[in-house]
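What follows is the residue order along each chain.
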Amino acid sequence: MPTQVRTPDEGSRAAALERQGRLTKPAGALGRLEDVSAWVCAVQGQCPPRAFSRIRVVIVAADHGIAAAGVSAYPPEVTSQMVANIAAGGAAVNVLARQVGATVRVVDDGVGSPSGRIDREDALTAAEFETAFELGRRIADEEVDSGCDLLIPGDMGIGNTTPAAAVVAGILGLEPIVVVGRGTGIDDAGWMRKTTAIRDALRRARHTVGRAPEGLLRVVGGRDLATLAGLLVQAGARRTPVILDGIVSCVAALAAERMTPGASAWWIAGTRSTEPAQAKALSALGMEPLLDLGLRLGEGTGALLAVSLVQAAAATLAEMATFDEAGVSDRPSEPASDPEPT
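Keep in mind that what you see is a predicted model, and the values were worked out from it rather than measured.

### Let's talk about the packing of helix H11 (residues 247-259) against helix H12 (residues 276-285)
Argument step 1. Two numbers describe how H11 lies on H12: the axes approach to 9 Å, and their chain directions differ by 35°. For the pair H11 and H12, the crossing hand works out as left-handed. Here Ile247, Cys250, Val251, Ala253, Leu254, Glu257 and Arg258 of H11 come into contact with H12, specifically with Ala277, Gln278, Ala281, Leu282, Ala284 and Leu285.
Argument step 2. Classifying every residue of the contact of H11 with H12 by side-chain character gives ten nonpolar, one polar and two charged.

See below:
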């Protein structure tokens, strides 16, 4: 049965924009922070907004069979090694999470048991797709039920930008060369192998599932993408805001929005990746990232950097004085009139 997602509170959004017009500043002077503050009010259902108090990063880790085709600068075993590093608190995501008071959860979603090699076979069976998607929904429920008020989806998996690019190309009807990027820093030969892999994967998918998002997640995606899509759909259903990260979470978001229209109202884009596929996904979602720092790490790192901006947007709306409260005139001065001729 399709998941029902209600829209954020438009009354609170309107109240936020009205309050922005009464704060002690010129209209629009805080730029995008004003729009972000209105989004926070809408997803919280109140104005003024409150600070987010339980921020949770959920990193979905999975291996991909396509990694064996040489599409990454790193070998497949790095996935499990990095999962251990994150669990020990030694990765970039751990450092950045500590800076904003977030906690990190790592989900083993097939580490050591790779999805099918998408240039030759389907990534998942129908049953495996359903299991992965439902896992994502269950994770979202667990986090919301434990008090999470802001979710950040992260990823870890060698080779995962290849299926992510394939899913975007499949949904949007694009050629591989338009979406393929350098991932972990592959050379020209690796880029060609990656492009070929995506081409072959899409050739199979077009004859079986067309542009259907569920089918593409199953045929040319993988467990992590399916799980993240389920998590994002359920976050919207549970009225819980999300900051999206790089290519993998944004591709999952594109698929999730196509599967459950309206879910994207609960998400905001945190960072611009260097991957072309992410740009295509964000454009299709109608989202402009808050940050553009040339990041290509994943893990949720870019979204974590955006947390401070989102918190700042909420704080300025909630804590700044209005013109009336501060006793400041909110009317521009009248232009001096020319003296009467004598």
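From this point, the narrative continues.
### Overview of H12
Along an α-helix, residues three or four positions apart point the same way, because every turn accommodates 3.6 residues.
Argument step 1. Those residues of H12 that fall on the buried side of the exposure criterion are Ala277, Gln278, Ala281, Leu282 and Leu285. Relative to the axis of H12, the buried residues are bounded by an arc of 130° and lie together on one face.
Argument step 2. Considering only its buried residues, H12 is in contact with helix H6 (161-172), helix H7 (176-179), H11, strand S5 (267-269) and strand S6 (271-273).
Argument step 3. At the C-terminal side of H12, Gly286 shows a positive phi close to 75°.

### A closer look at the pairing of strand S3 (residues 150-156)
Regular strands have side chains that alternate between both faces of the sheet.
Argument step 1. Most of S3 sits out of view: seven of its seven residues are buried.
Argument step 2. Burial of S3 is two-sided: the residues Leu150, Ile152, Gly154 and Met156 facing one way and the residues Leu151, Pro153 and Asp155 facing the other way are all buried.
Argument step 3. In the sheet, strand S1 (residues 55-61) pairs with S3 via seven bridges, with the strands oriented parallel. Bridge pairing in S3 places Ile55 opposite Leu150.

### Comments concerning the layout of surface pockets
Argument step 1. The computed volume of the largest pocket comes to approximately 510 Å³.
Argument step 2. Those elements that provide at least two residues to the lining of the largest pocket are helix H3 (78-87), S3, H6, H11, S6 and helix H13 (301-319).
Argument step 3. Class assignment of the residues belonging to the lining of the largest pocket gives a composition of ten nonpolar, 14 polar and five charged.

### Description of the environment of Gly210
Argument step 1. Counting through the fold element by element, Gly210 comes out in the loop between helix H8 (188-208) and helix H9 (213-221).
Argument step 2. Along the backbone, Gly210 and Ile171 are 39 residues apart, and their C-alpha atoms lie at a distance of 8.2 Å.
Argument step 3. Setting aside residues no more than four positions away along its own chain, Gly210 makes contact with Gly170, Ala205 and Leu216.

### Description of the pairing of strand S7 (residues 291-295)
Argument step 1. Inspection of the sheet shows S6 paired to S7 by two bridges, in the parallel sense. Across the sheet, residue Thr271 finds its bridge partner in S7, namely Leu291.
Argument step 2. You can see the chain leave S6, run along H12 and come back into S7, and the turn it takes is right-handed.

### Notes on helix H2 (residues 32-44)
Argument step 1. Taking 1.5 Å as the rise per residue, H2 with 13 residues should run 18 Å; its terminal C-alpha atoms sit 18 Å apart, in good agreement.
Argument step 2. Extensive coverage of H2 is indicated by the burial of ten of its 13 residues.
Argument step 3. Packed against the buried residues of H2 are helix H1 (10-20), strand S4 (242-244), S5 and H13.
Argument step 4. Residue Gly45 follows H2 closely and has a positive phi angle near 70°.

Thresholds, definitions, all that
Residues numbered from 1 in each chain as written. Predicted model: local features only at pLDDT ≥ 70, side-chain atom pairs only at ≥ 80, totals over all residues. Heavy atoms only, no water. Axes fitted to C-alpha atoms, helices over the stretch in contact; angles between N-to-C directions. Helix = DSSP H or I, 4+ residues; strand = E, 2+ residues; numbered from the N terminus. Left-handed = near helix turned anticlockwise from the far one by under 90°. Contact = heavy atoms within 4.5 Å. Nonpolar A, V, L, I, M, F, W, Y, C, P; charged D, E, K, R; others polar. Buried < 20%, exposed > 50% of the residue type's maximum accessible area, 1.4 Å probe, protein only. Arc of directions from axis to C-beta. Pairing = 2+ DSSP bridges. 1 Å grid on protein atoms, 1.4 Å probe; cavity = no way out; pocket = protein on both sides within 12 Å on 5 of 7 lines; lining within 4 Å. Points joined across faces, edges and corners; volume = space filled by probe spheres on them. Right-handed = clockwise from strand over helix to strand, strands pointing away. Expected span 1.5 Å × (residues − 1).

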